[in-house]
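Coordinates in review
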Amino acid sequence: MSLTMRDIRQVDPAFTAKAALWVRENCMLVSLETVRAMIHSDRLLLFDADNENLRQPITYIQQRLAFGVRNSEEAFMPFEFRALEGILIHSCISVERDFYRIEKGLLELLETLPTHSGPEYLERLRLEEQGLNYLFARIRKFQYVLQTVLDTDEDMANMYLTEKYKTPEVRKNPMDHEEAEMLLESYLQVVDDLTSRAGLLNQAIDDT
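Along each chain, residue indices are assigned from 1 in the same order as the chain's sequence is written. Side-chain atom pairs in this predicted model are given and counted only at pLDDT of 80 or more, local residue features only at pLDDT of at least 70, and totals for whole chains, interfaces and linings cover all residues. Water and hydrogen atoms play no part in the side-chain values, which are based on all heavy atoms of the structure.

1. Quick notes on the overall build of the protein
We count a stretch as a helix when DSSP gives it H or I for four or more residues in a row; a strand needs E for two or more, and each element gets its number in order from the N terminus. Along its length, the protein carries seven helices and four strands. Taken from N to C terminus, the helices and strands of the protein fall in the order α-β-β-β-β-α-α-α-α-α-α. With respect to the principal axes defined by its C-alpha atoms, the protein has extents near 70 × 35 × 35 Å. In the protein, buried positions account for 41% of the 208 residues. Accessible surface, the protein as shown: approximately 11800 Å² in total, 51% of it carbon and sulfur. The convention is simple: Lys and Arg are positive, Asp and Glu are negative, and His and the chain ends are not counted. In this description, the location of a charge corresponds to atom NZ of lysine, CZ of arginine, CG of aspartate or CD of glutamate. Looking at the protein, you have 23 positive and 36 negative side-chain charges, and the mean spots of the two groups are 5 Å apart. Buried, partly exposed and exposed residues are distinguished by accessible area as a fraction of the type maximum, computed with a 1.4 Å probe on protein chains only: under 20%, between the cut-offs, and over 50%, respectively. All accessible-area figures derive from a Shrake-Rupley calculation using a 1.4 Å probe, and residue coverage is judged against the displayed protein chains alone.

Structure representation (structure tokens):
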């Protein structure tokens, strides 16, 4: 396994890591929301697995892996894609949950401001806007990670770890990655929608 020290630091909880989905020769390195993982063709290494913040993502990952085994229609989806999808499900739910909470509070506050514009309301608006901007940055990082891989045909082709493990002598066509592309695009659509809605909220704050 040819990993660099930079790769190891990306998934090691002892180091600060940016959001990432790095495709390597025989694994994928994932750092999204609270999850840091190394995905192989037949196993998933989850770092800091005893952390309380990983209970929910572990559940999503286990459900996704088990569903692929039970459901014959999805049996064709390789282990690495199901493991990655479990992480993507958690990441999307995490940012969606935080966005809906902020959106609800901001919309209620913006409705109140025209008739209640004292210092305490303006301070609440400042704090809510600060929270929205922080979340917007999280969502944009997630969006960038997915879009970067989607823009790189070679990375998407290299995501087929099971195929490479079973037939190492066969070099995959870098343009043959429809399954990987569909997987990433489906979650990018969710992130794109949240990005648009966050932008509209910021515009509503400016208008108010």
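2. Description of the nonpolar core
Take the buried residues of types Ala, Val, Leu, Ile, Met, Phe, Trp, Tyr and Cys, join any two whose side-chain atoms come within 4.5 Å, and each joined set is a nonpolar core. In this structure, L84, M159 and L184 are the most contacted members of the largest nonpolar core, which totals 50 residues. Those elements giving two or more residues to this core turn out to be β1 (20–23), β2 (28–32), β3 (35–39), α2 (55–70), α3 (79–112), α4 (119–150) and α7 (178–207). By residue number, the principal contributor to this core is α3, which donates 13 residues. Grouped together as the second largest cluster of nonpolar side chains are six residues, V11, C27, L29 and M38 included.

3. Focus on the pairing of β2
Of all five residues making up β2, five are buried, and the element is well covered by its neighbours. Burial along β2 is two-sided: the face carrying M28, V30 and L32 and the face carrying L29 and S31 are both buried. Examined bridge by bridge, β1 and β2 share four bridges and lie antiparallel to one another. Pairing of A20 across the sheet is with S31, part of β2. Criterion used throughout: strands pair if DSSP finds at least two bridges between them. Between the antiparallel neighbours β1 and β2 lie four residues. Taking the residues between adjacent antiparallel strands as the criterion, β2 and β3 are bridged by two residues, where E33 takes a positive phi near 50 degrees.

4. Here we look at the pattern of salt bridges
Basic side-chain nitrogens of Lys or Arg form a salt bridge, by our definition, when they fall within 4 Å of a carboxyl oxygen of Asp or Glu. One pass over the structure, following the stated rule, counts 13 salt bridges. A salt bridge links R55 to E52, with the nearest nitrogen and oxygen atoms 3.2 Å apart. A single burial state applies to R55 and to E52, both of which are exposed. Between D98 and R97 there is a salt bridge; the shortest N-O distance is 3.8 Å. When salt bridges that share partners are traced, they join E33, R97, D98 and R138 into one network.

5. Considering unusual backbone geometry
Here E33, not a glycine, exhibits a phi torsion of approximately 50 degrees, which is positive. Mapped onto the fold, E33 is located in the loop between β2 and β3. Its relative accessible area of 31% is what places E33 among the partly exposed residues.

6. Considerations on the sheet that holds β3
On the basis of which strands lie adjacent, the open sheet formed by four strands has the order β1-β2-β3-β4 and antiparallel pairing. One side of each edge strand has no neighbouring strand; the edge strands of this open sheet are β1 and β4 (44–46). Averaged over all neighbouring strand pairs, the angle between strand axes comes to 15 degrees, with direction disregarded. To get an axis, fit a line to the C-alpha atoms, keeping to the stretch in contact for a helix; angles then go from 0 to 180 degrees between the N-to-C directions.

7. Focus: the packing of aromatic side chains
By convention, a stacked pair of Phe, Tyr or Trp rings (six-membered ring in the case of Trp) has centres within 6.5 Å and planes under 30 degrees apart, an edge-to-face pair has planes over 60 apart, and any other such pair is tilted. Across all of its chains, the model carries two aromatic pairs by this definition. For the ring pair F81 and Y160, a centre distance of 5.0 Å and an interplane angle of 65 degrees mean the geometry is edge-to-face. With F81 in helix α3 and Y160 in the loop between α5 (153–158) and α6 (161–166), the pair connects residues that are 79 residues apart, well separated along the chain. Like Y160, F81 is buried. Between the aromatic rings of F99 and Y100, the centroid separation amounts to 6.1 Å while the plane-to-plane angle is 65 degrees, which identifies the pairing as edge-to-face. Overall, the relative accessible area of 0% leaves F99 in the buried class.

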